[in-house]
Amino acid sequence: MRTLTYGQAMVEGLRELLESDDRIHIMGQYFLGLTPQRALVGELAAEHPDRFYYPPIAELGYLGTAIGAAMTGMRPIVDLATASFMFQAWAQITEEMANIHYMSDGQTKVPMVFHFNHGIRGGGAAQHSHSPQAMLWNTPGMEIMLPSTPYDVKGLLKTAASTDNPTAWGDHVKLFMMEGEVPEEDYAIPFGVADIKREGSDVTIVATSLMVQRSLAAAGKLASEGISVEIVDPRTIVPLDEAAILESVAKTGRLVVVDECHRSCGVGAEFSAIVAEKAFGYLKSPIRRVVTEDVPIPFSPPMEEYVEPTEAKIIQAVKEVID
Amino acid sequence: MLPKLSGEQVLEQLRLAIVIRRFEEELIKLAGSRDIGHFHVYIGQEMTGVPALYLLERGDLSFTTHRNHGHLLARGVPASQMYAEILGKETGMMGGRGGTLHLCSMEHGFPTTSSAVGGATPLATGAAFGFQRLGQDRVSVCLFGDGALEEGSWHESINIAAMEKLPVIYLCENNSLEALGQKAGEYPSSTLAAVDLIDLVTPFGVPTIQIDGCDAGAVHAAMGEALHRARSGGGATFIEARTVRWPGNRPIWPELSTGETNFAMAWDSSLVPTEYREWHAEQDAVLRFIREILAEGLIEPEAILAMDAEVSAEMKEAVEFALASNYPPAAAAMEKVLA
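These figures come from a predicted structure and were not determined experimentally.

The next thing to look at is the interface of chain A and chain B. Between chain A and chain B, the residue contacts involve 41 residues of the former and 41 residues of the latter. For the pairing of chain A and chain B, the buried interface totals around 3200 Å² over both sides, and the portion due to carbon and sulfur atoms is 63%. In terms of surface lost to chain B, no three residues of chain A exceed Y102(A), M103(A) and D105(A), which account for 22% of the buried area on that side. Between chain A and chain B we count 2 salt bridges in total. Between D105(A) and K336(B) there is a salt bridge whose closest N-O contact spans 3.1 Å. Residue assignment for the side of chain A that touches chain B shows that the elements contributing at least two residues are β2 (24-27), β3 (52-53), α3 (59-70) and α4 (90-103) of chain A. The element that contributes the greatest number of residues to the side of chain A that touches chain B is α3(A), accounting for 9 residues. In terms of residue class, the side of chain A that touches chain B is built from 17 nonpolar, 15 polar and 9 charged.

See below:
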């Protein structure tokens, strides 16, 4: 099978969507941030100038504009660039977008996708490093996808653009240069179906987005020490494939959650709570969370590394749950 | 001034205005007998909403606010379903999921109703964006009060509408001032530094129209102009309709302080009570509309009373329907979060 970078797979997905569905329009252009591959988005925009809109620096205004447009039959894919900028649009996301279908008793649908680049990218400091997926998860009324591979980003994007629900699409800039197999033929990955990224028998790791890759690296090292780690990647947290998580924990009896949200009320906290509630009897040791500490993200590299989930911290946590 | 329409159409607007007035009066009475929660009424603004929305076509979309009852009634949403929704009954338009703050009906061109001040300005702008980019000959109407102009969403939205020449009409119903303040010329509102509401629009180059929102003919003309501009590719329009705040809206909860409207006051000044004389004699937009209709000889006073009796009976029936309706099964709360 051919190999693409994450960025190439993402832009290929966007291109195929623009070519196959006239209702899809793109707002914003920083899908690949300011990374070297950003030119791929520029090329796509040049191919489809009538389908790209360059909004003013007004996240609230243009995210809301996308919501309104989605009610007329358009299927906007909106880019908010860095996830931290999402807070400028917060009122439209939480008060309007997520509530409209429910409040209207299903009369009105909001088929839109909004994209953001989340997480600690290195030197982003407190205002360019957020992982707001837990905050989004605390807002019923949207689906949330957090891909971790080139194959997943393209396949999940296809599903996001075809549903009648609003979808939050979080990427991590540290994934964009990663290479992986992506088939030539069309495919879509259904929401709510986890992928076992690595099979193992001693410890279950549940992770999404970049943390899947970091966990895979840690699992490789642990394997050389004779520790077998299974990695469950839910791929979407709404809907969530709870069964896959519980099944893996039932098999291994141990859980380490690796997540880039802050510790308190993060995505990792929710994964932990689900397992504690529904699979407590299978647990041979307490659940461990490897997550971002409850501080604003500092700028200085050693401080940044101190607060984020690192490979070393993952390895340590896995060893602790086995002891 | 009456709208430049046929006599039949003007009388149709009169009926809609009476529907709104009686709907809200019945609702306030209902709130006196049971706890129906926080709600807002449209009394006093009927002659803005009715003529403004009268000109819309099927497929046009309107975005209203917490003060939405009058707008929906003006587009023909059945009062029975509205009362049922306000009471949280399963026969309401949204099966009890939204209540008074979020009354909507896609069938009547109200896709969603935001009760967050300024919440709908981006949405209305976006509907116009969708119409334009999808090549649909439709117009989006954003209905809001003066308060929405204090929100940042206003400035972000009108910038987008202006730059893209979107087919959207921003209809601001300025009900910020009470009678005395209006007389003193104290526009716009007490919490805006701008001297005039249109000062928040002109830098964007969007055409503005300021009208007396109690003058049905002026509302009709302004909306006609704005709709023509929108449908012919000319872009957005901002209309400031200055209405008079009904004295019953002064307390936290609406109160029938001016009593149930006796439409005969329009032609028999001896019926006007001393209390709130100014409201009845000069400011009540529906009474003023009736006086203008009578001056044109479009209908006899007795026929207006007959129309009112019919509407009032309908509203009482609609309330009965809502009261007799069942609450939705509680577990239905878990449904329709996603499509």
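On we go from here.
Turning our attention to the domain arrangement of chain A. All names here are of chain A. Assigned domains within chain A: domain 1 (3-181) and domain 2 (195-322). Distance from the C-alpha centre of domain 1 to the C-alpha centre of domain 2: 25 Å. Summed over both partners, the interface of domain 1 with domain 2 comes to about 2300 Å²; 64% of that surface belongs to carbon and sulfur atoms. Contact with domain 2 buries surface across domain 1, with I120, W137 and L146 losing the most and accounting together for 31% of the total. At the junction of domain 1 and domain 2, the tally comes to 2 salt bridges. For D152, the salt bridge identified is with K197, shortest N-O distance 2.7 Å.

Here the focus is the packing of aromatic side chains. All chains considered together, the criterion is met by 14 aromatic pairs over all chains. Through successive ring pairs, a cluster of aromatic residues spans F144(B), W154(B), Y170(B) and F238(B). Positioned above the aromatic ring of Y102(A) is the side chain of R97(B), whose terminal nitrogen or guanidinium carbon lies 5.0 Å from the ring centre.

Mapped onto the elements of the fold, P247(B) is located in the loop between β5 (237-242) and α9 (277-283). Those residues within four positions of P247(B) in sequence are excluded, and the remaining contacts are S257(B), T258(B), Y276(B) and W279(B).

So, on to the sheet that holds strand β4 (residues 208-212) of chain B. Residues and elements named next belong to chain B. Judged by pairing direction, the sheet is parallel, and its 5 strands sit side by side in the order β1-β2-β3-β5-β4 without closing on themselves. Across the chains shown, the open sheet's two edge strands, defined by having one partner strand only, are β1 (61-63) and β4. Direction aside, neighbouring strands of the sheet carry axes that sit 20° apart on average. Here β4 pairs with β5 via 5 bridges, running parallel. Counterpart to Q210 in the pairing with β5 is E240. Docked against the sheet, helix α2 (residues 46-54) engages β1, β2 (140-145), β3 (168-174) and β5, running at close to 170° with respect to β3.

This paragraph deals with the nonpolar core. If you look at the biggest cluster of nonpolar residues, it comprises 79 residues, and the most contacted ones within it are I93(A), M112(A), F114(A), Y170(B) and F238(B). For this core, the domains that each give at least three residues are domain 1 (3-181) and domain 2 (195-322) of chain A. Other than its neighbours up to four places away in sequence, M112(A) contacts L63(A), A66(A), I67(A), A70(A), P76(A), V78(A), M97(A), N165(A), P166(A) and T167(A).

What follows concerns the sheet that holds strand β9 (residues 195-198) of chain A. All names here are of chain A. If you trace the 5 strands from one edge of the open sheet to the other, you get β9-β11-β10-β13-β14, paired in mixed fashion. Of all strands in the sheet, those bounded by a partner on one side alone are β9 and β14 (288-292). Between one strand axis and the next, the sheet turns by 25° as a mean value, whatever way the strands run. When strand β10 (residues 203-207) meets strand β11 (residues 229-233), the two strands line up parallel, connected through 4 bridges. For V206, the partnering residue across the bridge sits in β11 and is V232. Of the strands in this sheet, β10, β13 (255-262) and β14 are in contact with helix α9 (residues 267-278), which crosses β13 at around 150°. Packing of helix α11 (residues 311-322) onto the sheet brings it into contact with β10, β11, β13 and β14, and relative to β14 it is tilted by some 165°.

Rules used throughout
All chains use their own residue numbering, which begins from 1 and follows the written sequence. Ligands are numbered from 1 and chains lettered from A, in the order in which they are written. Where totals are concerned, whole chains, interfaces and linings use all residues; where local detail is concerned, this predicted model gives features only for residues with pLDDT of at least 70, and gives and counts side-chain atom pairs only at 80 or more. Side-chain calculation: all heavy atoms of the structure are included, whereas hydrogens and water are not. Residue contacts are counted whenever heavy atoms from the two residues lie within 4.5 Å of one another. Computed with a 1.4 Å rolling probe, the buried area is the accessible surface lost when two parts are put together, summed over both parts. Between Lys or Arg on one side and Asp or Glu on the other, a salt bridge is scored when a side-chain nitrogen of the former is within 4 Å of a carboxyl oxygen of the latter. Note on conventions: DSSP H or I runs of at least 4 residues are helices, E runs of at least 2 residues are strands, and numbering of each starts at the N terminus. For this classification, the nonpolar set comprises Ala, Val, Leu, Ile, Met, Phe, Trp, Tyr, Cys and Pro, the charged set comprises Asp, Glu, Lys and Arg, and every other residue, Gly included, is treated as polar. Reported domain spans reflect what an automatic or database domain assignment gives. Think of it this way: a Phe, Tyr or Trp ring, Trp meaning its six-membered ring, pairs with another when their centres are within 6.5 Å, and the plane angle makes it stacked under 30 degrees, edge-to-face over 60, tilted otherwise. Lysine NZ or arginine CZ positioned within 6 Å of the ring centre and within 35 degrees of the ring normal marks a charge as sitting over the ring. Any two strands between which DSSP finds at least two bridges are classified as paired. Only C-alpha atoms enter the line fits that serve as axes; for helices the fit covers just the stretch in contact. Angles between N-to-C directions range over 0 to 180 degrees. In this description, a nonpolar core means a group of buried Ala, Val, Leu, Ile, Met, Phe, Trp, Tyr and Cys residues linked to one another through side-chain atoms lying within 4.5 Å. Note on exposure labels: buried denotes an accessible area under 20% of the residue type's maximum, exposed denotes more than 50%, and partly exposed covers the range between, all computed with a 1.4 Å probe on protein chains only.

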